[in-house]
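Chain and residue survey
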Amino acid sequence: MECISRDELHKIQGERLAATVKREYENVPVYRERMDAAGVKPEDIRSVEDLQYLPFMEKTDLRDYYPFGLLASPQEEIVRIHGSSGTTGKPIVSGYTRNDVDVWSEMMARTLTAAGATRGDIVQVTYGLGLFTGGFGAYQGADRIGAMVIPMSSGNTQRQIMMMKDLGATMLCCTPSYASYLGETIREMGIDPKKDLKLKAGCFGAEPWTEEMRQRIEQLLEIDACDIYGLTEIAGPGVAFECLEKNGMHINEDHVIAEIIDPTTGKQLPYGMHGELVFTTITKTGMPMMRYRTHDICTLTADKCACGRTLARMGRIVGRTDDMLVIRGVNVFPSQIESVLVGADGVAPHYMLIVDRVNSSDTLEVQVEMTEEMFGDTVAHIENVRKYITAQIKSVVGIASKVKLVAPKSIPRSEGKAKRVIDNRKL
Ligand code: DLL
C-alpha cells in the first residue's frame, strides 16, 4: 500500500470514500442533515474529486455531540475511547471499534518501521499512556511489529534515563520538547549517548517543532529524529510519518484523504501551497470523520520520495490557524521564533512568548533560558547576545519584541505538549 501507484490509490480511495459516506449518511443524523442541507446524496460521491461537495466538520461538532453523538457503529462495537484535553471544559472524545484500533496499529507500525524499527528493536514509549493517544499508539505500533515495548508513559526523567540505559532502548517515542530535555539531562549526567546508550532513532510529534530543533535533538542524543503527526479525531499518532529521508511526512492515504484548503473561503488549494489541512477518514467505522478541519497549516506534495513510498507527504506544521498570533496586525507563528532561538548561541530552546496589550498597543515579550555557561558570563556579553536575538526576531517575524534572557531551568518543563504562549489579551 505504501508503494502503490497513485492511480490505483485514487481508485481505492474513491471506493472507500463512497462506502464511508453512505455509512455516515445512514447512521449519523448530523451527517445526514448537513449533506441534505448541502444538497448532496451519498450516491453523488463516487471519487476523490467529489470530496469538495461534502460539508466540513469542526472540533466544535465533537463538543456539541459529546460523547457519542457522532458514532456510526452501535455502541457495543466500541472497544476503546481516547480523548484530548480541551483548553476549556470537557475533553473531546473519539470511539474506536476493533477495526479502528487495528487500522491505527497498522499506521503506527508503518511509522516506526519508516524510522528504522524492526522486531529486534526496544521501543521506549514516553508519550503519556491514557486518554491521550500518544502512548497507546506507539505501544500498538511497536507491538504490531513484534518489537519489545517499554511502556514508561510520561514523566520521571531520571527513571526514564535509567531504564533507557539498563534495558538498552533503541527507539524513543515522545514529544520533541521532552526529547530535547531528556538529551540535555543525559549530557548533564555525564552519559555519553554513543557509548552508554543504544538509541538509534525517535518518532517525535504531538506539537509543532522546527528543523533547528531536529538538529539539536539529533546532536544531543546522537539519533535520527523523525516527525510524526496525528490527531485524536482522525486516529491518533501515525496519520502521517517521516521516513529516514526526513523530507516531510508520508500520509497513510489508504486510510485518510488529505486536502489543503484556504481557511477563509474553504476552497481547495493546489499541492505546494500553504493552507489548512483537512482530513477525511475512509476506513474508520466507530467515529468516521468527514472533511475534518484540523486548523493545522502546512503544504502537501506528491513528488517522489527516495525511500520508494508513493504516499503523498505533508510538510512540517508551521502553525495553527488558531495559535497564529496577530501582533500589531502582523501574523506571527511561535515556530518562527523557535527557529531563531534554537539557532542562537548561549540560549537553550526553552522559551515562553508573552503577548499583552499596553495603552491599546500589542506587546511581545520573548523569554528564553540562557545556558549554564552563558549564565555565568559577563553582563556585557549577555547583553550582546540579547541584542543579537532581538534583531534576528525582528528580521524573521517583522515586528519588534522585548527579549528577556532568563536563568537556566526557570521556564517550566513539560512532559507532554509544551506550553509556549501566554496571551494576556485574551484573558
Ligand atoms: O497529539 C496525537 C499524536 C501523539 C501525534 C503523538 C504525534 C505523536 P491530539 O492531542 O489530538 O493528538 O492533538 C492533535 O497536535 O492537530 C496538531 O496541532 C498537533 N500536532 C500533532 N502532531 C504534530 C506534529 C496528538 N508532528 C494536534 N507537528 C494536531 C506539529 C502536531 N503539530
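Residues numbered from 1 in each chain as written. Predicted model: local features only at pLDDT ≥ 70, side-chain atom pairs only at ≥ 80, totals over all residues. Heavy atoms only, no water.

1. Quick word on the nonpolar core
- With 65 residues, the main nonpolar core has Leu-112, Tyr-229, Leu-277, Phe-279, Met-289 and Met-314 as its most contacted residues.
- Ranked by the residues each element gives to this core, the list is headed by helix α4 (residues 98-114), at seven residues.
- The contacts of Leu-112, once residues within four sequence positions are left out, are Ala-117, Val-123, Ala-138, Gly-141, Ala-142, Ile-145, Met-171, Cys-173 and Cys-203.
- The next biggest cluster of nonpolar side chains, apart from the first, holds 24 residues, and it includes Ile-327, Val-355, Leu-364 and Val-366. (Core = buried A, V, L, I, M, F, W, Y, C linked by side-chain atoms within 4.5 Å. Buried < 20%, exposed > 50% of the residue type's maximum accessible area, 1.4 Å probe, protein only. Helix = DSSP H or I, 4+ residues; strand = E, 2+ residues; numbered from the N terminus. Contact = heavy atoms within 4.5 Å.)

2. Structural notes on the sheet that holds strand β12 (residues 292-298)
- Spatial ordering of the open sheet is given by β10-β11-β12-β15, a layout of four strands whose pairing is antiparallel. Because the sheet does not close on itself, it has two edges, and the strands there are β10 (256-261) and β15 (319-320).
- With six bridges connecting them, β10 and strand β11 (residues 275-281) associate as antiparallel partners. What sits directly across from Ala-258, in β11, is Phe-279. (Pairing = 2+ DSSP bridges.)

3. Digging into the domain arrangement of the chain
- Under the domain assignment used here, the chain contains domain 1 (96-320) and domain 2 (325-426).
- Each of domain 1 and domain 2 was reduced to a C-alpha centroid, and the two centroids are 27 Å apart.
- The interface of domain 1 with domain 2 comprises 22 residues on the first partner and 16 residues on the second.
- Around 1,600 Å² of area is buried between domain 1 and domain 2 when both sides are counted, 57% of it from carbon and sulfur atoms.
- Of all residues in domain 1, Tyr-181, Thr-210 and Glu-212 give up the largest surface area on contact with domain 2, accounting jointly for 24% of the area buried on that side.
- Along the contact surface separating domain 1 from domain 2 lie one salt bridge.
- The salt bridge partner of Lys-409 is Glu-188, with a shortest N-O separation of 2.9 Å. (Domains from an automatic or database assignment. Buried area = accessible area lost by both parts, 1.4 Å probe. Salt bridge = Lys/Arg side-chain N within 4 Å of Asp/Glu carboxyl O.)

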